[in-house]
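Observations on chain architecture
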Amino acid sequence: MRILKMGQVGGGIGAFIGEVHRKASRMDGGIVLVAGAFDVVPEKSLQQGKILGLDPKRVYSTYTEMIAAELALPKEERVDFISVCTPNHTHFPIAKACLEAGFNVMCEKPMTLTVEEAEELAVLVKASGKVFGLMHNYTAYPMVKLAKDMVKQGDLGKIRKVVVQYPQGWLYQLLEKSGQMQASWRTNPKTSGAAGCIGDIGTHAANLAEYITGLKITEVLADLTTFVKGRLLDDDGNVLLHFEKGAKGLLHASQISVGEENNIAIWIYGEEKGLVWHQENPNYLHVLSQTAPEQVWKRGNGYVAEKSKAAGRCTRIPSGHPEAFLEAFANNYANFADTIRAKSDKRKATAEELDFPGVEAGVRGMKFINAVVSSSKKGNVWTKI
Ligand code: NAI
């Protein structure tokens, strides 16, 4: 396995997800962080690079400096890809600059600030021939991949109904007023985009529903609310969904659901059977039947890998030892990295290697946000995606 060299933008001291990317990307030993522009404040980027023990020559003040300096290195020394772990409004310019310079990109969600930017990025990815990953980590859990394969293999019959939720409670008060970094940019339309809660976590729920069912959401009827006085964006959203092929559903996402942590969960009901998965208990997939007792499929057992190659490939330790959030990020990194290796070896990547969200999922996410915000603003009307 060729070890890939990673550069990172974002993930400065005190940042949330950048550290998760660093830990997850090195989990399987196939990726090593060698460069970064870690913070919007140049001195803090240099400080973070020192803490991480990187070669000071490859710790940069800005991402533009990083791109130029890495390009100037001999090809075999340069970073193979750059991970974008910054707030939403910066994803597009950074990802665009990386692709134009010829680097593969792993990007955080939501992919861009607008649908137009997302579509432009999709064109650019195609033209560049580079590999682009989008960090929708919830679709990278083995039991979610198993659920997808069960649906695909027809175990549930035709899908009728999907219920998906993502309640959190951490923004139940005006946390942004205290200057808390993560709350501040997430509640500011200039840095978060047209939506707050729906963009931040509603997109994860929509992505999860589309991934498992293989059905696209075609239209939405949304009711967004800003419960906390003084907040500029939605902190709660209830959305009715129409999917392709007649399936219907509902999605709720919330950041004011007091006491909730990261309770993303999904219920899928077909003509024959149902499925239930909870992220806070992610090693178990429940299969429901009207004529038989509930089945619980447990991660790490041979029968899971037999049923789903994708799930088996994304499991590292024996059953009963929980795998979760970090491993899910690592799963996306592993497939993303194998796809980069396949490209450089001029080999066609396998379906399992290609099983990570890409630029199309990013475009879908932005269209979802757009339709939800527009439906709610127009007075809760059905709005096409
Ligand atoms: P954060 O506020 O904790 O960290 C952002 C970091 O980016 C900071 O270190 C900041 O200095 C740096 N930064 C900002 N502009 C920069 C620039 N131009 N150049 C270099 N560094 C820059 O934010 P958090 O919570 O880590 O979120 C970052 C992104 O990750 C967001 O897009 C968010 O939606 C996404 N995210 C995804 C999650 C997932 O489960 N996939 C979970 C949490 C966040």
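Since we're looking at a predicted model, the values are computed, not measured. (Residues numbered from 1 in each chain as written. Predicted model: local features only at pLDDT ≥ 70, side-chain atom pairs only at ≥ 80, totals over all residues. Heavy atoms only, no water.)

**Some words on the domain arrangement of the protein chain**
What the domain assignment reports for the protein chain is domain 1 (4-138 + 332-358) and domain 2 (142-321 + 365-377). On a C-alpha basis, the centroid separation for the pair domain 1 and domain 2 is 25 Å. Facing the 27 residues of domain 1 at the interface are 30 residues of domain 2. A buried area of about 2300 Å², summed over both sides, lies between domain 1 and domain 2, and 56% of it is on carbon and sulfur atoms. Looking only at domain 1, the three residues that lose the most surface to domain 2 are His136, Tyr138 and Glu352, adding up to 32% of its buried area. In this structure, the connection of domain 1 to domain 2 is made through 5 salt bridges. (Domains from an automatic or database assignment. Contact = heavy atoms within 4.5 Å. Buried area = accessible area lost by both parts, 1.4 Å probe. Salt bridge = Lys/Arg side-chain N within 4 Å of Asp/Glu carboxyl O.)

**Details of the pairing of strand β10 (residues 265-270)**
Inspection of the sheet shows strand β6 (residues 159-167) paired to β10 by 6 bridges, in the antiparallel sense. Following the sheet pairing, valine 163 is matched in β10 by tryptophan 267. Where β10 meets strand β11 (residues 273-278), 5 bridges bridge the pair, whose relative direction is antiparallel. Along β11, the bridge assignment pairs tyrosine 269 with glycine 274. Hairpin connection of β10 to β11: 2 residues between the antiparallel strands. (Pairing = 2+ DSSP bridges. Helix = DSSP H or I, 4+ residues; strand = E, 2+ residues; numbered from the N terminus.)

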